[in-house]
Amino acid sequence: QALPVLFKHWLKNEEVEEGGTAMLHCELTKPNSPVEWRKGDTVLQPSDKYEIRQEGTRVELFIYDAEAQDA
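Residues numbered from 1 in each chain as written. Predicted model: local features only at pLDDT ≥ 70, side-chain atom pairs only at ≥ 80, totals over all residues. Heavy atoms only, no water.

As for the overall build of the chain
Here comes step 1: A count of helices and strands for the chain gives zero helices and six strands.
Here comes step 2: Start at the N end of the chain and walk to the C end: the helices and strands fall as β-β-β-β-β-β.
Here comes step 3: Taking the principal axes of the C-alpha coordinates as reference, the chain spans close to 45 × 20 × 20 Å.
Here comes step 4: Across the 71 residues of the chain, 23% fall into the buried class. (Helix = DSSP H or I, 4+ residues; strand = E, 2+ residues; numbered from the N terminus. Buried < 20%, exposed > 50% of the residue type's maximum accessible area, 1.4 Å probe, protein only.)

Describing the UniProt feature "domain: Ig-like" (unreviewed entry) in the chain
Here comes step 1: The UniProt feature table records "domain: Ig-like" (unreviewed entry) at residues 4-71.
Here comes step 2: The annotated region residues 4-71 carries 0% helix and 38% strand content, and the separation between its end C-alpha atoms amounts to 29 Å. (UniProt positions renumbered as here; feature names shortened; annotations may be inferred.)

A few points about the pattern of salt bridges
Side chains bearing opposite charge may pair, as long as their charged atoms lie close to each other.
Here comes step 1: For the structure shown, the criterion picks out six salt bridges.
Here comes step 2: Across the pair Glu-27 and Lys-8 runs a salt bridge whose closest N-O atoms are separated by 3.5 Å. Remark: Lys-8 occurs in strand β1 (residues 7-9) and Glu-27 occurs in strand β2 (residues 22-28); sequence separation between them is 19 residues.
Here comes step 3: Relative accessible area serves as the criterion here: at 22%, Glu-27 is assigned to the partly exposed category.
Here comes step 4: Of the residues examined, Lys-8 reaches a relative accessible area of 48% and is grouped as partly exposed.
Here comes step 5: Note that Glu-36 is salt-bridged to Arg-38, the shortest N-O span being 2.8 Å.
Here comes step 6: Taken together, the shared-partner salt bridges connect Lys-49, Glu-67 and Asp-70 into one network. (Salt bridge = Lys/Arg side-chain N within 4 Å of Asp/Glu carboxyl O.)

Some words on the nonpolar core
Here comes step 1: Core analysis: the largest hydrophobic core is formed by nine residues, namely Ala-22, Cys-26, Leu-28, Trp-37, Leu-44, Tyr-50, Val-59, Leu-61 and Ile-63.
Here comes step 2: Those elements that provide at least two residues to this core are β2 and β6 (58-63).
Here comes step 3: Residue contacts for Leu-28: discarding those within four places in its chain leaves Val-5, Leu-6, Phe-7, Lys-8, Ser-33, Val-35, Gln-54, Thr-57 and Val-59. (Core = buried A, V, L, I, M, F, W, Y, C linked by side-chain atoms within 4.5 Å. Contact = heavy atoms within 4.5 Å.)

Written out as structure tokens, the structure reads:
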């Protein structure tokens, strides 16, 4: 039986100036595990606004041109 994927390091709150770039990251117990970034019920997709990077066990979300509604 395969072990479940767990968070080694959880997300932390980040503060960024409006118009700046926010970077959220977490670390998983298994490399290259599928991850979905969500805001409420909406799954975030790569775009000019969101960049998603995954390398090994580290997963990152960049939010460009941050606004109050990105909280």
